[in-house]
Amino acid sequence: MTSRILLLPGDGIGPEIIAQARKVLDALCSQGALDARIDEASIGGDATDRFGTPLPDETLESAKAADAILLGAVGGPQWDGVERSLRPERGLLRLRSELGVFANLRPAIAYPQLVGSSTLKPEVIRGLDLLIVRELTGGIYFGDPRGIRTLDDGRRQGFNTLVYAEDEIERVCRVAFESARRRSKRLCSVDKANVLEVSELWRDVAETVAKDYPDVFLSHLYVDNAAMQLVRDPKQFDVIVTTNMFGDILSDLASMLTGSIGMLPSASLDAKAKGLYEPIHGTAPDIAGQGVANPLATILSAAMMLRHSLGLPDLSDRIEAAVGRALDRGFRTPDIHSPETTLVDTVQMGDAVVDALTSN
Ligand code: IPM
Ligand code: MG
């Protein structure tokens, strides 16, 4: 059966890195290994500029009709001043919400070839293989009321609401427990239960779900301590489950353990494993248009897409192995470059992966 894949390049470096992932998917199609129809649509600042909304109806409909969606990145300084509802990020948040992709899997794997690229000592990160499961469609990102109001005394006050219902906590915890069960059976739930009532409930629900997974060891950490522990000794973790905002912050932190934020893919899944796939880095406005962005996080996101939504784990393995081979051959974009390696640009890195994929 032909899989329907929707590409959403977005803004900044988005179009450059999505083009490389497309090249990899196209290579698999021409080999006859993948049977897919690949379409593209507009989102983010690009959509705001062209259609007056960061998530056009047509894009949302195509996304709903697709089997899986691969997104580049959205946002950029040129949209900082636009009305809040037209901001590029609103398009992405609405897409996540409309698709119901509540479980965001963000693996942080230290590639042996890149151990020297991290700012941390090699022994601290060598062999790191960590999975952050971030709740993606609730919490403070979506809670009402929200806004900026003017108080009686004339001062402006900004406000957001951190809210989680127990079923929202339960379903993401289940995904995390299932993942932990397939890995080394250790799950750490990260919250701020010493201060927040929402976290108190989060912890309580996590403990209740744990009863269904007696083979998984559940621990809890406050988010401030978790940030510290991730830098001190990241290998103590296997799977981490946490809220939308804590997961956003901790996954950026975790990316630097691996050497570069340009290496981290992600999968956002709904209850039926339909998914939205995106690199965790943003639009990198400082290097957009220069052709030097690292496309590997996007290519690895495409690999996750084949595994989780299209039921093609073997092809996913092949892409991951091809990325490994491109690194073995010494190809490096500027973010992961070191003196003894070969500096390449975005297109050359995509070519290196396609070459490794087709030459085996
Ligand atoms: C991410 C990004 C997004 C988020 C932004 C672009 C809305 O930082 O995917 O981590 O905060 O979720
Ligand atoms: Mg983020």
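Residues numbered from 1 in each chain as written. Chains lettered and ligands numbered in written order. Predicted model: local features only at pLDDT ≥ 70, side-chain atom pairs only at ≥ 80, totals over all residues. Heavy atoms only, no water.

So, on to unusual backbone geometry. Cis peptide bonds are those with omega within 30 degrees of zero, and the linkage from Asp144 to Pro145 qualifies with 0°. Examined against the element boundaries, Pro145 turns out to sit in the loop between strand 5 (129–135) and strand 6 (147–150). Non-glycine residue Ala273 carries a positive phi angle of around 70°. Here the phi dihedral of Ala284 falls at roughly 45°; this positive angle occurs in a residue that is not glycine. (Helix = DSSP H or I, 4+ residues; strand = E, 2+ residues; numbered from the N terminus.)

Once that is clear, we can look at the site of ligand 1. Around ligand 1 lies a shell formed by Glu89, Arg96, Arg106, Arg134, Tyr141 and Asp248. Within the side chain of Arg134, an N or O atom sits 2.8 Å from an oxygen atom of ligand 1. The contact in question runs from an oxygen atom of ligand 1 to an N or O atom on the side chain of Tyr141, over 2.6 Å. The protein chains hide 79% of the 320 Å² of surface that ligand 1 would expose on its own. Here the shell around ligand 1 is composed, by residue class, of one nonpolar, no polar and five charged. (Near = heavy atom within 4 Å. Polar contact = N/O pair within 3.5 Å; in protein donor to acceptor, adjacent residues only side chain to side chain. Areas by Shrake-Rupley, 256 points an atom, 1.4 Å probe, with all protein chains shown as cover. Nonpolar A, V, L, I, M, F, W, Y, C, P; charged D, E, K, R; others polar.)

Splitting the chain by domain gives domain 1 (1–102 + 270–360) and domain 2 (111–261). Using only C-alpha atoms to locate each centre, domain 1 and domain 2 end up separated by 24 Å. At the interface, 19 residues of domain 1 touch 22 residues of domain 2. Taken together, both faces of the contact between domain 1 and domain 2 bury some 1,700 Å²; the carbon and sulfur share is 63%. If you sort the residues of domain 1 by the area they bury against domain 2, Arg96, Phe102 and Ile280 come out on top, with a joint share of 37%. Linking domain 1 to domain 2 there are five residue pairs in polar contact (both at pLDDT 80 or more). Elements represented by at least two residues in the side of domain 1 that touches domain 2 include exactly helix 4 (88–99), helix 10 (296–308) and helix 11 (313–328). Looking at the side of domain 1 that touches domain 2 residue by residue, the classes come out as nine nonpolar, four polar and six charged. (Domains from an automatic or database assignment. Contact = heavy atoms within 4.5 Å. Buried area = accessible area lost by both parts, 1.4 Å probe.)

Going through the model one piece at a time under the given rule, you end up with two aromatic pairs. On the numbers, 5.4 Å between centres and 65° between planes, the contact of Tyr164 with Trp202 is edge-to-face. Of the two residues, Tyr164 sits in the loop between strand 7 (156–159) and helix 6 (166–182) while Trp202 sits in helix 7 (residues 197–210), which places them 38 residues apart along the sequence. For Trp202, a relative accessible area of 1% translates into the label buried. (Phe/Tyr/Trp six-rings, centres within 6.5 Å; stacked < 30°, edge-to-face > 60°. Buried < 20%, exposed > 50% of the residue type's maximum accessible area, 1.4 Å probe, protein only.)

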